[in-house]
Each structure stands twice: as C-alpha cells, then as structure tokens.
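# Coordinates in review
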Amino acid sequence: MREQNQKLALQFKNVDFHYKNDAGGIPILKNMNLSVADGEFVSIIGASGSGKSTIFRLIVGLEEQTGGSIYLNEKRVTDRSGKVGYMPQQDLLMPWRTVQQNAALPLELHKESRLGRRAVPDLLEAFGLKGYEDKYPHELSGGMRQRVSFLRATLSGSNVLLLDEPFSALDAMTRLFMQEWLLEQWEEQQSTILFITHDISEALFLSDRIFVITDTPFTTLKEIEVPLERPRRQQDSDKKEVMKLKNNLLEQFRMRV
Ligand SMILES: Nc1ncnc2c1ncn2[C@@H]1O[C@H](COP(=O)(O)OP(=O)(O)OP(=O)(O)O)[C@@H](O)[C@H]1O
C-alpha cells in the first residue's frame, strides 16, 4: 500500500442531507460520518439511486448539507466551490474548445492553482495528449476524452479528486488500460482519489478501501480494505483473497436485486 500520511483529506462529521420534495423530502444521509486519509484511493459502490453521486455533490458544494460539517484537508470549508477536482459522470467537455482550452478551464476560473499554467504542457504529455492540444473533443477517442476530463479535474490544483464513474463509457480493453494509467497518475501526483463505480472488480483493483452503501438513508458506510500491495497489475485481481471479496460483494448485491 502506498505510504499515507496521518492527515485527513476529507471528513464528514454528522452530516445530514435530504432532497426536498412535496412529501417533505427524500432522506439520503443521516448523521453520517466518513474519513479519507490524505493520499488514499477510496471507491464507493452501491445500487443505482443509493446516493453515491449525492456524496460528491455535497463535497463539491453543488448541494448544501442540512446538518453537520464537511472538512477538506482538516479545515471546515463552507464555500467548497472549485476547491476539489471533480469529474462528473459525463465528460462535459465543451465542443467549441480545443483539448488545451478544455483542460485549462480551471486555471481561467481559479487563478491561484497549486499546479499553475506552466504545468500544462508537461501534463498534456503525461496524459498522452501531446500532439492533440489543438484538436476538438469530437476528434478524440472515448479514452482520450476521459483523459482530457481527468486532466481538467487535476488542474483544479486540489489534492482531492472526485471521479464519478469515469470509465463507464469505455470498451472493456480500454477500460483496463485506463485503470492502470489512473493508478500511475495517482502515484505521480500524490493525490487523494474518491472513485464511484458500479464495477466491483474495478473497485477492488484500484482502491485501498471500498465504501459500500447497503441502505439509503445511510449513517455509516460499510468499509472493506483491499488486501493487495502496490504497484498493482491487472492479474493481481485473480488472487484468491481478492476473488473471495469479490464473490462476497456480488452476493450482497444479488440479495438486493
Ligand atoms: N436533484 C434531485 N432532486 C430530488 N431527488 C434527487 C435529486 N438528485 C438525486 N435525487 C434522488 O436521490 C437519490 C440518490 O441519487 P444519486 O444520484 O446520489 O444516486 P447514485 O447512487 O449516484 O445513482 P446512480 O448509480 O444511478 O448514478 C435517488 O433516489 C435520486 O432519485
């Protein structure tokens, strides 16, 4: 496992949240606590509609909790807009902007980024986009669009990145390569990643810990530690202890279908 420091990158303390509706509200989080260490890779899995994206929307500040507090890097931050890197479910690249212009958008919005404009050429190369700087999104493959979108989240300059099903639209082979690539970037940038997926194998391959939503509304999430050393390769997922975890998780979800 990668060296983690004792600092917390993210913490929910007694957080309540419900969506408003005519019937009085749809409760999602009830007095919920959660901690993610700086440098950790954590996945969140759960059934469709269980509240995974809502957790991200609260962290990003797109929704406001009705109770409790959310801490980023151990500071209680009330205005979290632009303070974390966020890659939503669809890549949301702007079709009229080039690769470079799409990726560098956070630098236009938030001038004081940890990485800064000078990092852009190096990062474009690291993200396999060198030579494509002036192309438009429709000229790219699915995997490339995902990489531009991830680069944009990275350029927010935050040490915390939230990735919401980033690989769901990719073919199976590209997806496997993108997972390995993502782990390399995570190591390189020393970031903290929260990753939503429906794919149990993907969560096991990538994560230090997996948070499982078993019921909604939820107070705690079930936590699973993944017993794999780093660096990892796809074939590590075939190890006996990982297969056992996978089968247990599949069984849990099967009972809910
Ligand atoms: N803006 C909204 N107003 C009212 N209800 C909402 C709103 N957004 C989400 N919900 C409801 O809140 C619940 C949780 O939604 P959320 O998008 O967090 O689920 P999810 O686990 O991310 O789902 P999926 O895996 O399908 O993306 C769902 O029942 C959804 O219908």
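Residues numbered from 1 in each chain as written. Predicted model: local features only at pLDDT ≥ 70, side-chain atom pairs only at ≥ 80, totals over all residues. Heavy atoms only, no water.

## Remarks on the site of the ligand
For clarity, the cut-off: Working definition: residue near molecule or strand if any one of its non-hydrogen atoms lies within 4 Å of it. Here a polar contact means two N or O atoms within 3.5 Å. Within protein one must be a hydrogen donor candidate and the other an acceptor candidate, and residues neighboring in sequence count only if both atoms are side-chain atoms. Only the protein chains shown count as cover for residues, and the accessible areas themselves come from Shrake-Rupley with a 1.4 Å probe. Here a strand is any run of E in DSSP of at least two residues, a helix any run of H or I of at least four, and the numbering for each starts at the N terminus. As a working rule, the residues Ala, Val, Leu, Ile, Met, Phe, Trp, Tyr, Cys and Pro are called nonpolar, Asp, Glu, Lys and Arg charged, and the rest polar, with Gly in that last group.
In the vicinity of the ligand there are 13 residues, among which S48, G49, K52, S53 and T54 approach most closely. G49 is positioned such that a nitrogen or oxygen atom in its backbone is 2.9 Å from an oxygen atom of the ligand. At a separation of 3.2 Å, an oxygen atom of the ligand approaches a polar backbone atom of S50. Summarising the interface, the protein chains cover 63% of the accessible area of the ligand, which totals 640 Å² for the free molecule. Elements that contribute at least two residues to the shell around the ligand include exactly β2 (26-37) and α1 (52-60). Sorting elements by how many residues they give to the shell around the ligand places α1 first, with three residues. Of the residues assigned to the shell around the ligand, the class counts are four nonpolar, eight polar and one charged.

## Observations concerning the layout of surface pockets
Note the cut-off: Cavity: a set of points on a 1 Å grid over the protein atoms alone where a 1.4 Å probe fits but cannot get out. Pocket: an open set with protein on both sides within 12 Å along at least five of seven lines, its lining residues, like those of a cavity, having an atom within 4 Å of a point. Grid points are joined across faces, edges and corners, and a volume is the space filled by probe spheres set on the points.
By volume, the largest pocket is sized at about 430 Å³. Around the largest pocket, the lining comprises 17 residues; the ones closest to its centre are G82, V84, Y86, P106 and L109. Only β6 (85-87), α3 (105-109) and α5 (142-154) provide two or more residues apiece to the lining of the largest pocket. Counting residues per element, the lining of the largest pocket draws most heavily on α3, at three residues. In terms of residue class, the lining of the largest pocket is made up of eleven nonpolar, five polar and one charged.

## Thoughts on the sheet that holds strand β5 (residues 75-76)
One key point about sheets: their strands pair by backbone hydrogen bonds, in either a parallel or an antiparallel sense. Let me state the cut-off plainly: Any two strands with at least two DSSP bridges between them are considered paired. The contact rule is simple, with two residues in contact once any of their heavy atoms fall within 4.5 Å. Here the axes come from fitting lines to C-alpha atoms, over the contacting stretch only for helices, and the angles between their N-to-C directions go from 0 to 180 degrees.
Judged by pairing direction, the sheet is antiparallel, and its four strands sit side by side in the order β2-β1-β4-β5 without closing on themselves. Because the sheet does not close on itself, it has two edges, and the strands there are β2 and β5. The pairing of strand β1 (residues 8-19) with β2 spans eight bridges and is antiparallel. Opposite V15, over in β2, you have M32 as the bridge partner. Set on the sheet, α1 makes contact with β1, β2 and β4 (67-72); between it and β1 the angle comes to about 110 degrees.

## Some points on the sheet that holds strand β3 (residues 41-46)
Sheet architecture is open: six strands sit in the order β6-β7-β8-β3-β9-β10, paired in mixed fashion. With partners counted over all chains shown, the strands left at the sheet margins are β6 and β10 (222-225), one partner each. The average undirected angle you get between the axes of adjacent strands in this sheet is 15 degrees. Across five bridges, strand β7 (residues 160-164) lies against strand β8 (residues 192-196) in parallel orientation.

## Observations concerning the packing of α5 against helix α6 (residues 172-189)
When two helices pack together, you describe them by how their axes are tilted relative to each other and by the distance separating the axes. Rules: Here the word oblique covers every angle except those under 35 degrees (roughly parallel), over 145 (roughly antiparallel) and from 65 to 115 (roughly perpendicular). Each crossing is labelled by how the near helix is turned from the far one, with a counterclockwise turn of less than a right angle marking it left-handed and a clockwise turn marking it right-handed.
Direction vectors running N to C along α5 and α6 enclose 20 degrees, while the axes themselves pass 12 Å from each other. In terms of orientation, α5 lies roughly parallel with respect to α6. Once α5 is placed against α6, the crossing between them reads as right-handed. Residue-level contacts link G143, Q146, R147, F150 and T154 of α5 to T174, M178, W181, L182, Q185 and Q189 of α6. For the contact of α5 with α6, a count of residues per class yields four nonpolar, six polar and one charged.

## Topic: the confidence of the model for the chain
Quick reminder of the rule: pLDDT is defined as a per-residue confidence score from the predictor, taking values between 0 and 100.
Considering every residue of the chain, the mean pLDDT works out to 89; 93% of them sit at 70 or more. Per-element confidence in the chain is highest for β8, whose mean pLDDT is 97, and lowest for α3, whose mean pLDDT is 82. At the level of chain-chain contacts, confidence expressed as ipTM amounts to 0.98, with global pTM at 0.91.

## Observations concerning the environment of Q6
Applicable threshold: Buried residues are those whose accessible area, probed at 1.4 Å on protein chains only, stays under 20% of the maximum for their type, while exposed residues exceed 50% and partly exposed ones sit between those limits.
Mapped onto the elements, Q6 comes out in the segment before β1. On the basis of relative accessibility, which here comes to 74%, the residue Q6 falls in the exposed class. A sequence separation of 33 residues divides Q6 from G39, and the C-alpha atoms of the two residues are 9.5 Å apart.

## Observations concerning the environment of E40
Of note, E40 is situated in the loop between β2 and β3. For E40, a relative accessible area of 4% puts it in the buried group. Residues E40 and T192, 152 residues apart in the sequence, show an inter-C-alpha distance of 5.1 Å. For E40, the side chain forms a polar contact with the main-chain nitrogen of A37, separated by 2.9 Å.

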